[in-house]
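Reading the structure
Next come the chains, spelled out residue by residue.
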Amino acid sequence: MEFRRECDEPCESMSPSSAAPEVLEPNHQTISSELEETLSDKSLSFVVRFRRSIKIELSNLLPLAGPAIIVYMLNNLISIVTQIFCGRLGSFELAASSLGNVGIQVFAYGIMLGMGSAVETLCGQAYGAQRPILILLGQKPAIASAAAVFVYGLIPQIFAYAANFSIQKFLQSQSIIKPSAYIAAATLFVHSFFTWLAVYKFGWGILGASLMLSFSWWIIVVAQFVYILSSDKCKKTWTGFSMLAFSGLWDFLKLSLASAVMLSLECCYYQILVLIAGRLKNAEMSLDSLTICMQILGWVFKISVGFSAAASVRVSNELGAGHPKSAAFSVLIATLSCFLISLFFAILVLTLRHVISYIFTDGKNVANAVSGLTPFLAMSILLNGIQPVLLGVAVGCGWQAFVAYVNVGCYYIIGIPVGSLLCFKWDYGVKGIWLGMIGGTTMQAFILLFVIFRTHWNEEVEKAKKRLDKWEDKKE
C-alpha cells in the first residue's frame, strides 16, 4: 500500500503559515493549514480563536467520526444479533455462546486489530504527510462443551479478521469511511436473515449462529476489497500486489507487534473477566448478566472507537503535515465530544436498567441481575468515553509499545487481581470483578491523559517525519 505526496519543495522547509496547498492523492483532498493558522493567530482574542478553532476541527472530525461510528456499531450489531438468537434458544445457549466468543476475542481479535492499527499509524502519517482450554480454566464442563461447538463455527472468522482490519484502516487513513458503512448496513440485514434461517428453520442451533457470523464477516471483507479495486479514490494508493510490500517488513512487524500486544491486552482484559465469571457458583446466571452488560457496553463503546479512529486519523494527518498545534487541539475536541455523548448513554442505561436485558433474553432473574450491574455499566460507559480516544491518539503518534506497558500494569497488575480478590475472597461476585475492571481502566485513562498533556507536539511532528523518511528510503 503506497501513499504518494506531491510537493514542489522539501516538506520540512514549509511552515504552516507559508505552505502552499499540497496535492494529496487519492481523493484529492488537502490537509488544510487553516486550523494551525487560526490557533497561531495572536491577533485574535483567545475566545475568538478558540471558537473558530472548534468550528474548524468539528468540521474535520465529525465527517470522519460519524461514518466510522456507524461502521463499528453495525459490525458490532452483527455479533449482537448472533447473541440475541442464541439467547432466545435459552440462557444456557447464551452463556455458551458468550464463553465461546471469548476464545476468538482473546486469541484473534486483539492481535488482528493490533496489526491493523500499525497500518493506521503508517498510512495516516503518510497520508497527512477451545473446549479443553476452557475446562482447564475452571469453566463448567457443560457450558464449556457447548462453547466449543460455537467456536468451531467461528474459525473462518479469524481469517476474516486478518483481512478486515487492515482493509478498514487502509480506507480510514484516507478518510474513506462511508463505503464501509454501507457495506456493514447491508451485511447486517443479510446476517439477520441467514441466522434466522440457520437457527430456527434448519435447526443448526448455536453452531449455525456462529457459522453465519463467520460468513457475514467474509461478506464485509470481500465487498470492501472489491471497492478498493474498483474505486477511483483508491487508484493512486492501491496499485496492486507488489513485492514492495515486503520492503521494510521488519520495521512494520515491530510496530504491528507493539500494536498487537497493546490491543490484545486490551481485549483479553475484558474477556478474562468473563472467564472469571464462569468460575462462580451460579456460572450460568453470572455469565448471562455480565455478557448482556458487556454487549451493551461494547455497542456504546463503538461510538468511542469511532471517535478513536477519527482522532487517530486527525492526529496522524496533522503530524504528517507538520501541524503540532492542530494535532493537540484535535485530541482535546475528540475527547470532549466523545465524553459528552457517553454521558448521555450512561444516563439512558440507568433509566432503562430494569428492562434493558429483555432485548437478549426473557429471564426475570437475569433481568434483576443486570439491573444490579447497571451502575457499574454506567461508570464503564463514562470511562470508555475517554479511554478509546486516548488510545486513538496513541496509535496516531505511534506510541503502541508504551501503551502496551501501561496496559500490563493497569489491567493485569491492578485490575484483574483486585477484581478477583473482591469476587472470591470478599464475595462481591460479578460486582467485584467489575470494580476491578473499573479501577484498572481509570488508572490507564489518567496515565494516558497525563502523558498526552505533557507531550511536546513539535517533537512528535519530527518523529512522524523521520518515520516517513525511513519508509520512503526503504521503498526506494
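None of these values were measured; they are calculated from a predicted model.

Description of unusual backbone geometry
Look at Asp427: it is not a glycine, yet its phi comes out positive at around 55 degrees. One can find Asp427 in the loop between α13 (400-425) and α14 (429-453). What makes Asp427 exposed here is its relative accessible area of 66%.

Observations concerning the pattern of salt bridges
As enumerated under the stated definition, the model contains 2 salt bridges in all. Notably, a salt bridge pairs Glu57 with Arg314, separated by 2.7 Å at the nearest N-O pair. Just as Glu57 is buried, Arg314 falls in that class too. Linking Lys235 and Asp232 is a salt bridge whose minimum nitrogen-to-oxygen distance equals 2.9 Å. Note on accessibility: Lys235 and Asp232 belong to one class, exposed.

Side note on the packing of helix α2 (residues 46-89) against helix α7 (residues 205-230)
Two elements in contact, α2 and α7, have axes whose closest approach is 10 Å; the angle formed by their N-to-C orientations is 170 degrees. When the axis of α2 is compared with that of α7, the two are roughly antiparallel. Together, Asn75, Ile78, Ser79, Thr82, Cys86 and Leu89 of α2 and Gly205, Ile206, Ala209, Leu213, Ser216, Trp217 and Ile220 of α7 make up the contact between the two elements. Class assignment for the residues of the contact of α2 with α7 results in 8 nonpolar, 5 polar and no charged.

The rules behind the values
- Residues numbered from 1 in each chain as written.
- Predicted model: local features only at pLDDT ≥ 70, side-chain atom pairs only at ≥ 80, totals over all residues.
- Heavy atoms only, no water.
- Helix = DSSP H or I, 4+ residues; strand = E, 2+ residues; numbered from the N terminus.
- Buried < 20%, exposed > 50% of the residue type's maximum accessible area, 1.4 Å probe, protein only.
- Salt bridge = Lys/Arg side-chain N within 4 Å of Asp/Glu carboxyl O.
- Axes fitted to C-alpha atoms, helices over the stretch in contact; angles between N-to-C directions.
- Parallel < 35°, antiparallel > 145°, perpendicular 65-115°, else oblique.
- Contact = heavy atoms within 4.5 Å.
- Nonpolar A, V, L, I, M, F, W, Y, C, P; charged D, E, K, R; others polar.

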